[in-house]
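# Structural characterization, general
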Amino acid sequence: MSHQVVGKPVGRVEGPEKVTGKARYAADFLLPGLLWAKVVRSPLPHARIRRINGDKAKALPGVLAVLTGRDIPDVLHGRRMLDLPLMTRDRVRFIGEPVAVVAAEDPDVAEEAATLVEVDYEELPAVFDPFEAMREGAPVIHENPAAYQGAPKERPHPNVQSVHREKHGDPEQGFREAARVFEHTFRTPLAHQGYIEPHAAVVAIDDNGRVQVWASHKMPFRLKAQLAQVIQLPPDRIRVNLVPVGGDFGGKGFATDVPLCYFLARATGRPIKMVTTFTEELQASNPRHPSVITLKTGVDRDGRIVARTARAVFNGGAYAAFKPIPNVNIHGADQAGGVYRIPPFELESIVTYTNCVPCGHARSPGEPQMIFAVESHTDMMAHELQMDPAKFRMLNLIGEGEHLASGHRLERVKARETLEAALKAGRWGEPKRPFVGRGLSMSHRLAGLGESFARLRVEMNGTVTVITATPDTGTGAHTVFQQIAAEVLEVPLSQVTVQVGNT
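In short, a report on the structure. (Residues numbered from 1 in each chain as written. Predicted model: local features only at pLDDT ≥ 70, side-chain atom pairs only at ≥ 80, totals over all residues. Heavy atoms only, no water.)

On to the environment of glutamine 226, then. Looking at the secondary structure, you find glutamine 226 in helix α6 (residues 220–231). For the pair glutamine 226 and glutamate 430, spaced 204 residues apart in sequence, the C-alpha separation works out to 55 Å. Not counting chain neighbours up to four residues away, the residues in contact with glutamine 226 comprise Arg79, His217, Gly253, Phe254 and Ala255. (Helix = DSSP H or I, 4+ residues; strand = E, 2+ residues; numbered from the N terminus. Contact = heavy atoms within 4.5 Å.)

What follows is the structure, given as structure tokens:
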């Protein structure tokens, strides 16, 4: 099918505003009477709070409010597992955890006031390695994590956030019958999403008592629901106004410090703005999980894979609140079989508590970690078998109607055609130019789930307006909506306008 508009090179809907500087991001919003907020963060990874004294900060000219955990509801929040306090009252579990928040007339005054808040800590033993966290006698980070709403049932150690298991067939029997068995362990580090725009929010309470929010957040309706839960207001009293998002990559899907802005706005009666620094981003955002992945694979005499076991241990940090899937695990672990035919398969994926920054979603949660391990493992096996890495992959590629190691049955499989096209385009097998490397890897991807809505209006003059509350995180979504509407309605692209709504 030939498209007239979809897939064609067109100008971005939001392009002119962005390149001219007219686009207003969350940090750009200025409202009458606006105050600036700053979070006081723990300098220790694990400690009890003996006392907090904000008198010096309150006495600073220009400071209008200093709040601690005792001044706001004792509510836990999260996407699936509710274990994260809005602001801790008696204990900190990672460097960067909020212990107080201030509001002032000027950002510099707010920053100075934050340094004047006195916190008396009793330092506690801390643990940073996921394996050390699961040892007997390790410092316990949460006394009763099973009591948290949404907590998974299986918990072999108090410092385990979740365990995910899968098993198909008998891998041990496969290993006994294999001609060779390979086992390798891979480690991946902590990684921030690296967006240019830090977290930012403006919160105001209007004359009708409705909470108005402008935030760097990719899911406005999810943000509205999270806020309704933690600030204990009906959802219809909250409106999230869409603004451009300056990069997301998985890191802008949680309320973060937006609730603290609301409580400051309620305490002062004035709008509140908070913009995190990049130091705070690295201390207290929701980065990619570090991992330790062990793969064990058996192959027959021809190099065909006959069995595999996989064990992934992810360092989840101090809280599990940022994980959106129901079992509070990392679904990228399901990639442990790769795109290969592996009949007997067993997976164990563990996420642990540590006194590190709480980890959440970077793009394709857990998949870069696991695919790096699987494809490195594949190359290492091919090397040991003295087989061409492409030939080894081709021999083991999954085919039409077969099942992934995770049990998912596939249709319209194009793995072989894709690999052949990549080999041809990359001139695999031909001599390489000096100082030029050549590598090969493959993966598959299950598209994420979610809901989105749009309203389409045909105007009296024949133009079309598409109204959406889906933010553009920099991917050109609104331009795609414009193209789809023009394509389906068979009108010129210039006759379609995209209008951004709110919740």
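Counting residues in hydrophobic clusters, the biggest one holds 37 residues, and the most contacted among them are Leu295, Tyr340, Met370, Phe392, Leu397, Leu419 and Met442. Those elements that provide at least two residues to this core are β10 (180–188), β15 (291–299), β16 (305–315), β17 (345–352), α9 (367–385), α10 (389–396) and α11 (415–425). A total of five residues in this core trace back to one element, the largest contributor, which is α9. Those residues in contact with tyrosine 340 that lie beyond four places of it in its chain are Ile305, Val374, Glu375, Thr378, Arg393, Asn396, Leu397, Ile398 and Met442. (Core = buried A, V, L, I, M, F, W, Y, C linked by side-chain atoms within 4.5 Å. Buried < 20%, exposed > 50% of the residue type's maximum accessible area, 1.4 Å probe, protein only.)

Taking 1.5 Å per residue as the helical rise, α9 with its 19 residues ought to reach 27 Å, and the 26 Å between its terminal C-alpha atoms agrees with that figure. Where α9 is concerned, the buried positions are Glu367, Gln369, Met370, Ile371, Ala373, Val374, Glu375, Ser376, His377, Thr378, Met381 and Ala382. Among the residues trailing α9, glutamine 386 stands out with phi positive, at a value near 60 degrees. (Expected span 1.5 Å × (residues − 1).)

On to a positive patch on the surface, then. On the surface, Arg427, Lys432, Arg433 and Arg438 cluster together into a positively charged patch. Within the secondary structure, arginine 438 is located in the loop between α11 and β18 (454–458). (Patch = residues over 30% accessible without salt bridge, like charges linked within 9 Å, V, L, I, M, F, W, Y side chains within 5 Å. Areas by Shrake-Rupley, 256 points an atom, 1.4 Å probe, with all protein chains shown as cover. Salt bridge = Lys/Arg side-chain N within 4 Å of Asp/Glu carboxyl O. Lys, Arg positive; Asp, Glu negative; His and termini not counted. Charge placed at Lys NZ, Arg CZ, Asp CG, Glu CD.)

Moving on, we get to the layout of surface pockets. Of the voids in this model, the second largest pocket is the one considered here, and its volume is about 310 Å³. Lining the second largest pocket are 15 residues, with Glu14, Glu17, Pro244, His478 and Val500 positioned closest to its centre. Going through the elements one at a time, α1 (15–20) and β20 (496–500) are the ones with two or more residues in the lining of the second largest pocket. Among the elements that make up the lining of the second largest pocket, the one with the highest residue count is α1 (three residues). Of the residues assigned to the lining of the second largest pocket, the class counts are nine nonpolar, one polar and five charged. (1 Å grid on protein atoms, 1.4 Å probe; cavity = no way out; pocket = protein on both sides within 12 Å on 5 of 7 lines; lining within 4 Å. Points joined across faces, edges and corners; volume = space filled by probe spheres on them. Nonpolar A, V, L, I, M, F, W, Y, C, P; charged D, E, K, R; others polar.)

Secondary-structure assignment places lysine 323 in the loop between β16 and β17. For the buried lysine 323, no salt bridge exists, and the shortest N-O distance to an oppositely charged side chain is 7.3 Å, to aspartate 83. There is a polar contact of 3.3 Å between the side chain of lysine 323 and the backbone oxygen of cysteine 359. For lysine 323, the residues in contact, after removing those within four places along its chain, are Arg79, Arg80, Gln161, His289, Gly316, Val328, Asn329, Ile330, Val351 and Cys359. (Polar contact = N/O pair within 3.5 Å; in protein donor to acceptor, adjacent residues only side chain to side chain.)

That is the geometry; function is a separate question.
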